[in-house]
Amino acid sequence: MDLLTTNETFFFREEAHFHFLKSIITDWDRRPLSIWSAACSSGEEVYSISMLLSDLLPGYSNWSLVGSDLCRHALDSARQGIYPMSRAQGIPAEFLKRYCLKGVGELEGLLQVKQELREKVSFYCINLNTNLPADLPVFDIIFLRNILIYFDVDGKRSIVERILSRLKPGGFLFIGHSESLYGLGLPLTSCGSAVYYHEPAA
């Protein structure tokens, strides 16, 4: 069965997650930091994360961000980083001014995420319902939000097990607030609203 795609997303969706992410980043030491948005659709989640990273880690370039989705059309949009201004309401005003360009002329009514952030992000077409690419690295933090609701228990378990193979022990997994991993028997401990800590092996 192919993975269902909905492409429904917006900037800074589920704000509580970004407060939790901020607490992680604020306490981060100078190790490299890698984050994967595993169902990124047209990229709003990825760029929301990148704005937060850039704001909290000024002058620190040792972070990387990967976005993936099954829909190639959505990924093409994500790479361009161009969105209707009507989608900007979730972006904090200071971030909108600092990290986005306002379209003029034939681009009026649009915004584009600045090149400095677009260059920090890599996008890949990945089907989470099949084996993950062998060259996909491991990550400190993974966002897997609002996709598991479309699967039964076995389907959810299979997807999350694949995801965990790319999450470092001691890393964090974010899922949608309407989703649950209850009863899946995975090495995860809840540490916030729809946030899980990946337990290191004993």
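See the structure above.
The following paragraphs examine the structure supplied in this document. Source: prediction; values computed, not measured. (Residues numbered from 1 in each chain as written. Predicted model: local features only at pLDDT ≥ 70, side-chain atom pairs only at ≥ 80, totals over all residues. Heavy atoms only, no water.)

Quick word on the sheet that holds strand 10 (residues 195-198)
In step 1: Strands sit in the order 6-2-1-7-8-10-9 across an open sheet of 7 strands; the sheet is mixed. Of all strands in the sheet, those bounded by a partner on one side alone are strand 6 (121-125) and strand 9 (188-192). Across the sheet, the mean angle separating the axes of adjacent strands is 20° when strand polarity is ignored.
In step 2: In this sheet, strand 10 lies alongside strand 8 (residues 167-175) in antiparallel orientation, the contact comprising 3 bridges. Directly across from Phe-174, in strand 10, lies its bridge partner Val-195.
In step 3: Docked against the sheet, helix 2 (residues 44-56) engages strand 1 (33-37), strand 2 (63-69), strand 6 and strand 7 (139-144), running at close to 170° with respect to strand 2. (Pairing = 2+ DSSP bridges. Helix = DSSP H or I, 4+ residues; strand = E, 2+ residues; numbered from the N terminus. Axes fitted to C-alpha atoms, helices over the stretch in contact; angles between N-to-C directions. Contact = heavy atoms within 4.5 Å.)

Side note on the sheet that holds strand 5 (residues 110-113)
In step 1: Across the sheet, 3 strands lie side by side as 3-5-4; this open sheet has antiparallel pairing. Every interior strand has two partners, whereas the edge strands, strand 3 (82-84) and strand 4 (100-102), have only one. Across this sheet, the average inter-strand angle for adjacent strands is 30°, counted without regard to direction.
In step 2: As defined by bridge partners, strand 4 adjoins strand 5 across 3 bridges and the pair is classed as antiparallel. From the neighbouring strand, Cys-100 faces strand 5, where its bridge partner is Val-113.

Examining the packing of helix 1 (residues 15-26) against helix 2
For any two helices packed against each other, the geometry comes down to the angle between their axes and how far apart the axes lie.
In step 1: Viewed as axis vectors pointing N to C, helix 1 and helix 2 meet at an angle of 35°, and their least axial separation amounts to 11 Å. Classified by chirality, the crossing of helix 2 by helix 1 is right-handed. Residues Phe-18, Leu-21, Lys-22, Ile-25 and Thr-26 of helix 1 form the contact with helix 2, whose participating residues are Ser-48, Ile-49, Leu-52, Leu-53 and Leu-56. (Left-handed = near helix turned anticlockwise from the far one by under 90°.)

Brief notes about helix 6 (residues 153-164)
In step 1: For helix 6, spanning 12 residues, the distance from its first C-alpha to its last is 16 Å, which sits close to the expected 16 Å at 1.5 Å a residue.
In step 2: Taken together, the buried positions of helix 6 are occupied by Gly-155, Lys-156, Ile-159, Val-160, Ile-163 and Leu-164. Buried residues of helix 6, seen end-on, are gathered within an arc of 160° and therefore sit on one face of the element.
In step 3: Buried-residue contacts for helix 6 involve strand 1, strand 7, strand 8, strand 9 and strand 10. (Expected span 1.5 Å × (residues − 1). Buried < 20%, exposed > 50% of the residue type's maximum accessible area, 1.4 Å probe, protein only. Arc of directions from axis to C-beta.)

Quick notes on the environment of Arg-79
In step 1: Along the chain, the position of Arg-79 falls in helix 3 (residues 72-80).
In step 2: As a C-alpha pair, Arg-79 and Ser-42 span 37 residues in sequence and 8.3 Å in three-dimensional space.
In step 3: Each residue touching Arg-79, except ones within four places of it in the same chain, is listed here: Tyr-47, Arg-118, Phe-123 and Tyr-124.

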